[in-house]
Amino acid sequence: MEAGKLLFGHLKALIKASKKFNEQGVSIRRRLVLYWVSMVLALFLIFILVLNLIGTFSKTERELSAFLELQERNTSAALSNHLSELTAQGIVLSKEISKKMSNLLNDRGVDFDELNDNISLIAELEGDLYDSVYTTLNAGDCNGAFVLLDATANTGLDGSEKSRIGCYLRYSDVSTAGSSNQRLTYFRGMFDIARKNGVQLHNRWNPEFDTSFLPGYDDFMAIQVDRIADSFCWSGRMHITGTWEDANLLYVPVVYQGRVCGICGIELGDLYFQLSYASVKSQYGNVMTLIAPLEGDHLLLDKAMFGGSAGATLQTQGVLSIKDGKYFESYDSGSVRYIGAHKSLEHKTVDGKELVVALLLPESSFSSAVSSERAKWMIISFAALLLLLVLSFFLSRSFAKPITQGIRSLKEEPLMGGTVAKVGIKEIDELHDFVRALREKRRLAEEMPPGVQLLFTDFSSRVQTLTPMERTVLQYYIEGHDTVETANLAFISINTVKKHNTNIYRKLGITTREELMLYIDLFRRCGKIEEISYI
């Protein structure tokens with residue numbers, strides 16, 4: 001629209017200049033050039049307006065909107081399936097743990113609370129649960145699986161109320177999601193279990209979990225479970241104790257005799273998530289995938305999981321404020337703005353917040369792509385304008401050339417003899433004929449003998465002595481009418497015409513009509529008929 005307004009302003013200026021030229025007087029060629037330039041600019045303005053009407057300059061926004069919609073649909077479907085599969089595996093793991101724990105405790109004739117301080121029974125139980133955790137880890141598209149039970153091997157230690165038994169297996173050296181060369185490590189659990197199964201201890205191994213690092217653990221343990229399938233949740237982004245890694249943990253309750261006695265689940269590590277959901281390349285820049293809890297119209301970045309960013313920077317703290325737009329949403333972190341789209345995953349965090357998947361594209365990257373697209377259109381448009389201007393000058397010159405040649409030939413034509421070639425323009429050729437006749441008339445007048453010239457002058461002066469009616473009769477004779485026709489045209493009788501004829505002959509110094517017609521013919525041949533004509 002800005003380009004259209006600018007061109008419209010130029011067009012108004014040209015019209016104003018055209019009026020000024022009309023007042024001052026401008027050559028045909030300049031007028032024609034001005035006309036063609038004005039027409040070209042008008043056509044160019046119409047061209048720009050049509051591009052605006054058909055949405056050429058908003059095409060980029062619509063294309064990005066369609067691209068984001070497609071990516072949102074594909075990514076949300078893939079991610080929803082991913083999380084749903086992990087949830088299903090977590091539920092299966094919970095049921096297996098409950099079953100194995102129930103069988104072992106029933107066989108030993110002890111209650112769950114008697115696990116505390118019973119190291120041998122804890123070791124036996126963890127040994128039974130190891131295979132289930134290992135199977136879940138191998139089957140799941142994840143990098144960790146765990147089970148945590150609400151008991152401890154030594155209640156006498158400081159902080160024992162936060163120390164809980166269990167088994168936690170993790171993959172280390174994650175380089176590619178699903179890679180077969182990932183190294184299995186034993187992160188939590190009895191040392192003997194790792195040795196028995198030939199698993200290397202993690203460099204931050206501990207025999208028990210520290211629940212103070214598990215978000216919402218105490219609240220989750222207090223929930224009332226009717227169906228395990230309805231009681232799972234995600235921790236949100238959290239730091240894995242003693243490592244440099246962050247992860248999102250799936251919490252699934254472990255139920256024994258109708259009460260929650262522990263949790264099990266799956267680890268979806270930050271690095272693993274980045275490798276699984278790499279940024280998507282587009283002509284507008286790299287689009288990043290994000291899972292984050294939604295609170296009102298804000299995405300919580302401190303609990304978010306980030307896919308591969310390919311150079312995009314987004315802090316793992318603060319919030320992203322969401323604002324609706326015509327084609328897509330905008331997301332503002334306070335320091336960086338993004339555009340994109342988001343959709344609910346129908347999964348919740350441990351504190352009840354809805355998880356959403358968001359696709360984010362840096363606004364600066366998109367603005368650069370838009371500027372490039374518009375620059376391309378402007379280059380094309382101005383190239384077309386330049387071509388039309390060149391064409392207008394060419395057409396103006398082609399049209400004006402025969403006119404100027406014809407006028408120049410009129411100026412250069414000799415007064416006597418010689419001919420002027422036709423230029424093919426009717427008006428110019430007629431002007432040639434007119435000027436040629438005028439020059440011929442002047443030539444005859446200049447070459448006429450003195451006595452003949454005197455005769456013309458004398459006869460013309462005598463015509464001036466005629467009365468208005470006599471001049472009228474003479475005019476009819478000049479036009480070629482006879483006496484009868486003259487009488488009818490003048491609405492007088494023939495006798496009256498004859499009477500006027502007598503007076504005309506006397507005043508002009510002639511005696512017959514034939515002599516009068518001879519004078520008329522002579523005046524006509526010499527180009528002086530207007531000297532005696534009444535009109």
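Scroll up to find the structure.
Residues numbered from 1 in each chain as written. Predicted model: local features only at pLDDT ≥ 70, side-chain atom pairs only at ≥ 80, totals over all residues. Heavy atoms only, no water.

Next up on the list: the overall build of the protein. For the protein, the helix and strand inventory stands at 14 helices and 16 strands. The proportion of buried residues among the 535 residues of the protein is 43%. Considering only contacts in the protein between residues 6 or more positions apart, those separated by 24 or more positions represent 60%. Summed over all atoms, the accessible surface of the protein reaches about 28,200 Å², with 56% contributed by carbon and sulfur. (Helix = DSSP H or I, 4+ residues; strand = E, 2+ residues; numbered from the N terminus. Buried < 20%, exposed > 50% of the residue type's maximum accessible area, 1.4 Å probe, protein only. Contact = heavy atoms within 4.5 Å. Areas by Shrake-Rupley, 256 points an atom, 1.4 Å probe, with all protein chains shown as cover.)

A cluster of nonpolar residues, Leu431, Phe434 and Leu438, forms a patch on the protein surface that exposes about 260 Å² of accessible area. A relative accessible area of 54% means that Phe434 is categorised as exposed. (Patch = residues over 30% accessible without salt bridge, like charges linked within 9 Å, V, L, I, M, F, W, Y side chains within 5 Å. Salt bridge = Lys/Arg side-chain N within 4 Å of Asp/Glu carboxyl O.)

To continue, consider the packing of aromatic side chains. All chains considered together, the criterion is met by 12 aromatic pairs. Between the aromatic rings of Phe459 and Tyr519, the centroid separation amounts to 4.2 Å while the plane-to-plane angle is 10 degrees, which identifies the pairing as stacked. With a gap of 60 residues between them, Phe459 in helix α10 (residues 450-463) and Tyr519 in helix α14 (residues 513-525) connect regions that are remote in the sequence. Residue classification places Phe459 among the buried positions, given a relative accessible area of 3%. Feature note: the residues Phe146, Tyr168, Phe187 and Phe209 constitute an aromatic cluster, connected by ring pairs. A cation over a ring is seen here: Arg188 above Phe187, with NZ or CZ 4.0 Å from the ring centre. (Phe/Tyr/Trp six-rings, centres within 6.5 Å; stacked < 30°, edge-to-face > 60°. Lys NZ or Arg CZ within 6 Å of the ring centre and 35° of its normal.)

This brings us to the pairing of strand β16 (residues 354-362). Side-chain positions along a regular strand alternate between the two faces of the sheet. Judged by how many residues are buried, β16 sits mostly within the fold: 8 of 9 residues are covered. The pairing of strand β10 (residues 285-295) with β16 spans 7 bridges and is antiparallel. Bridged to Ala292 within β16 is Val356. Note: strand β15 (residues 337-348) against β16, 8 bridges, orientation antiparallel. Paired with Tyr338 across the two strands is Pro362, which belongs to β16. Between β15 and β16, which pair antiparallel and follow one another directly, the connecting turn spans 5 residues, one of which, Gly352, has a positive phi of 85 degrees. (Pairing = 2+ DSSP bridges.)

In the contact formed by helix α11 (residues 468-478) and helix α13 (residues 494-508), the axes pass within 10 Å of each other and the chain directions differ by 95 degrees. Viewed along their axes, α11 and α13 adopt a mutual orientation that is roughly perpendicular. Listed contacts from α13 to Met469, Glu470, Val473, Leu474 and Tyr477 of α11 are Val497, His500, Asn501, Asn503, Ile504 and Lys507. Here the residues of the contact of α11 with α13 are counted per class, giving 6 nonpolar, 3 polar and 2 charged. (Axes fitted to C-alpha atoms, helices over the stretch in contact; angles between N-to-C directions. Parallel < 35°, antiparallel > 145°, perpendicular 65-115°, else oblique. Nonpolar A, V, L, I, M, F, W, Y, C, P; charged D, E, K, R; others polar.)

Turning next to the packing of α11 against α14. Axis separation between α11 and α14 bottoms out at 10 Å; the angle between their running directions is 70 degrees. Between α11 and α14, the angle is such that the two are roughly perpendicular. For α11 against α14, the interelement crossing comes out right-handed. Where α11 abuts α14, its residues Leu474, Tyr477 and Ile478 lie against Arg513, Leu516, Met517, Ile520 and Arg524. (Left-handed = near helix turned anticlockwise from the far one by under 90°.)

Further remarks concern the environment of Ile492. Here Ile492 lies in the loop between α12 (483-490) and α13. According to the relative accessible area criterion, Ile492 is partly exposed, its value standing at 24%. Not counting residues within four places of it along the chain, the set of residues in contact with Ile492 comprises Met469, Ala487, Val497 and His500.

Glancing now at helix α3 (residues 59-108). Helix length check: α3, at 50 residues, gives a terminal C-alpha distance of 72 Å against a target of 74 Å (1.5 Å per residue), a fit within 8%. Downstream of α3 by a residue or two, Gly109 has a phi angle that is positive, lying close to 70 degrees. (Expected span 1.5 Å × (residues − 1).)

Alternating positions in strand β13 (residues 319-323) separate cleanly, Leu320 and Ile322 being buried on one face and Val319, Ser321 and Lys323 remaining unburied on the opposite face. Where strand β11 (residues 298-300) meets β13, 3 bridges bridge the pair, whose relative direction is antiparallel. Paired with Leu299 across the strands is Leu320, a residue of β13.

In this section: the side chain of Ser282. As for its position among the elements, Ser282 is in strand β9 (residues 280-282). Side-chain polar atoms of Ser282 contact the backbone oxygen of Gly285, separated by 2.7 Å. In this structure Ser282 touches Phe67 and Val287, once residues within four positions along its chain are discounted. (Polar contact = N/O pair within 3.5 Å; in protein donor to acceptor, adjacent residues only side chain to side chain.)

Here the focus is the side chain of Ser330. Locating Ser330 in the fold gives a position in strand β14 (residues 329-332). Ignoring anything within four residues of it in the chain, the contact list for Ser330 reads Ser321, Ile322, Lys323, Arg337, Tyr338 and Ile339.

Even without being glycine, Gln257 reaches a positive phi, approximately 50 degrees. Mapped onto the elements, Gln257 comes out in the loop between β7 (246-256) and β8 (259-269). When its relative accessible area of 61% is taken as the criterion, Gln257 is described as exposed.

Right, let's talk about the environment of Ala278 for a bit. Looking at the element boundaries, Ala278 is found in the loop between α7 (270-276) and β9. Given a relative accessible area of 47%, Ala278 falls into the partly exposed group. For the pair formed by Ala278 and Gly307, sequence separation is 29 residues and the distance between their alpha carbons is 5.6 Å.

Before going further, it helps to spend a moment on helix α4 (residues 119-139). An α-helical segment advances 3.6 residues per turn. Residues three or four places apart therefore align on the same side. With 21 residues, α4 should reach 30 Å at 1.5 Å per residue; the first-to-last C-alpha distance of 30 Å fits that figure. Leu129 marks where α4 bends most, by close to 30 degrees. Within α4, burial applies to Leu121, Ile122, Leu125, Glu126, Leu129, Tyr130, Ser132, Val133, Thr136 and Leu137. In this fold, the buried residues of α4 make contact with α3, β1 (144-149), β2 (163-172), β3 (183-188), α5 (191-196) and β8. (Bend = angle between axes of the 7 residues up to and from the residue.)

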